[in-house]
Amino acid sequence: MAGGLILAAIYPRFYTAANTWLTGDAAQAAAALFDFVKSNEADLRTHMPDGEDFRTWARNVSDWLYSTDHISVGYGLQYDGVDIEQLSPGTRGIVLLLLYLAIDADDDRPLIIDQPEENLDPQSIFQELVDRFREAKSRRQIIIVTHNANLVVNTDADQVIVATCGPHRPSQLPVISYESGGLENHRIRKHVCDILEGGERAFKERARRLRVVL
């Protein structure tokens, strides 16, 4: 009966401590557990085995109360509430690239990225990547190999390099020529419109954003 009375007396306080542990932050959980121990110290002492050293018993009780053996830590990546394993390959690539750019926020080394638009639709590229690249290039050099006009035009690329592959020759590699320039260069703009997907639309979006007339 005595044990039942003790349990009945401490149960509400135990429930409060347990609930705080589940829903509160670290400071709240620590305070609730401390309050639980102080409030039930006398009741707990009645359960100390006869003849046992108090300090040893108290240490064992403390080890049990403050043990973290029941805690497991899990982690994962989510995008819009969806686990990364369940995302499409293209969206998964966006998440990993955004994570990399965020982690390396203080890195000023040049960054080379090969076709980040792989398996992505143009809208996702514009909404998710363009602003991130524009922000990143303010602190580091970004070199992108791409077929997507948004990643060239709306990231405000400082220099565009157009690679042209010549005809194949017997027993020889084709000649590759390069032409470079800024987006203000008429020939470069023409190359962007002719070669890259969505070139004209990208220039119109850039003009709207910068409030200029093409």
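Treat the numbers as computed from the prediction; the structure is a model and nothing was measured.

> Account for the confidence of the model for the protein, with residues named and values stated.
Averaged over every residue, the pLDDT of the protein is 82; residues scoring 70 or more account for 90%. In the model of the protein, helix H1 (residues 2–23) stands out as the element of lowest mean pLDDT, 57, in contrast to strand E6 (residues 176–181), which has the highest, 94. Every residue in residues 1–10 is under pLDDT 50, and counting partners more than four places away or in other chains gives six contacts.

> Any chance you could break down helix H6 (residues 122–136) for me, citing the residues and the numbers?
Here H6 contains 15 residues, and its C-alpha end-to-end distance of 20 Å stays within 8% of the 21 Å for a straight helix at 1.5 Å per residue. At Leu 129, H6 shows its largest kink, close to 40°. Regarding H6, the residues found buried are Ile 125, Glu 128, Leu 129, Val 130, Phe 133 and Ala 136. As for H6, its buried residues are in contact with strand E1 (78–79), helix H5 (89–103), strand E3 (111–114), strand E4 (142–145) and helix H7 (150–153).

> Mind laying out H5, listing which residues take part and the relevant values?
Spanning 15 residues, H5 covers 21 Å between terminal C-alpha atoms, matching the ideal 21 Å at 1.5 Å per step. Looking at the buried residues of H5, the elements they touch are E1, E3 and H6.

> Would you mind going over the packing of helix H8 (residues 186–195) against helix H9 (residues 199–210) in detail, with residue names and values included?
How two helices sit against one another is set out by the angle between their axes and by the gap between those axes. Direction vectors running N to C along H8 and H9 enclose 125°, while the axes themselves pass 7 Å from each other. What the angle tells us is that H8 and H9 run oblique. In this structure, H8 contributes Arg 189, Val 192 and Cys 193 to the contact, and H9 contributes Gly 199, Glu 200 and Phe 203. Partitioning the contact of H8 with H9 into residue classes produces three nonpolar, one polar and two charged.

> Quick one: what's the story with the pattern of salt bridges, residue by residue and with numbers?
A complete count under the given rule lists nine salt bridges for this structure. Arg 134 is the salt-bridge partner of Asp 156, the closest N and O atoms lying 3.8 Å from each other. Taken as a pair, Asp 156 in the loop between H7 and strand E5 (160–165) and Arg 134 in helix H6 lie far apart in primary sequence, 22 residues in all. Asp 194 is paired through a salt bridge with Lys 190; the nearest N and O atoms lie 2.8 Å apart.

> Lay out the nonpolar core in plain terms, naming residues and giving numbers.
Residues Leu 97, Leu 101, Leu 129, Phe 133 and Leu 151 are the most contacted members of the largest nonpolar core, which totals 14 residues. No other element matches H6, which puts five residues into this core. Leaving out residues up to four positions away in the same chain, Leu 97 has contacts with Ile 113, Pro 116, Leu 129 and Phe 133. Ranked by size, the runner-up nonpolar core spans eleven residues in total, among them Ala 149, Val 160, Leu 196 and Phe 203.

> Now, about the layout of surface pockets: what can you tell me, with residues and values included?
Each pocket or cavity is described by its volume, and for the largest pocket that value is around 810 Å³. Lining the largest pocket we find 25 residues, and of these Ile 144, Val 152, Gln 159, Val 160 and Ile 161 sit closest to its centre. By residue class, the composition of the lining of the largest pocket is 15 nonpolar, six polar and four charged. Split by domain, the residues of the lining of the largest pocket number at least three in each of domain 2 (84–111 + 120–141) and domain 3 (146–213).

> Give a detailed account of the UniProt feature "domain: ATPase AAA-type core" (unreviewed entry) in the protein, specifying residues and quantitative values.
Mapped onto the present numbering, the UniProt feature "domain: ATPase AAA-type core" (unreviewed entry) falls at residues 80–152. Along residues 80–152 the backbone is 45% helical and 14% strand, and the end-to-end C-alpha distance reaches 27 Å.

Criteria and cut-off values
Residues numbered from 1 in each chain as written. Predicted model: local features only at pLDDT ≥ 70, side-chain atom pairs only at ≥ 80, totals over all residues. Heavy atoms only, no water. pLDDT = per-residue confidence, 0-100. Helix = DSSP H or I, 4+ residues; strand = E, 2+ residues; numbered from the N terminus. Contact = heavy atoms within 4.5 Å. Expected span 1.5 Å × (residues − 1). Bend = angle between axes of the 7 residues up to and from the residue. Buried < 20%, exposed > 50% of the residue type's maximum accessible area, 1.4 Å probe, protein only. Axes fitted to C-alpha atoms, helices over the stretch in contact; angles between N-to-C directions. Parallel < 35°, antiparallel > 145°, perpendicular 65-115°, else oblique. Nonpolar A, V, L, I, M, F, W, Y, C, P; charged D, E, K, R; others polar. Salt bridge = Lys/Arg side-chain N within 4 Å of Asp/Glu carboxyl O. Core = buried A, V, L, I, M, F, W, Y, C linked by side-chain atoms within 4.5 Å. 1 Å grid on protein atoms, 1.4 Å probe; cavity = no way out; pocket = protein on both sides within 12 Å on 5 of 7 lines; lining within 4 Å. Points joined across faces, edges and corners; volume = space filled by probe spheres on them. Domains from an automatic or database assignment. UniProt positions renumbered as here; feature names shortened; annotations may be inferred.

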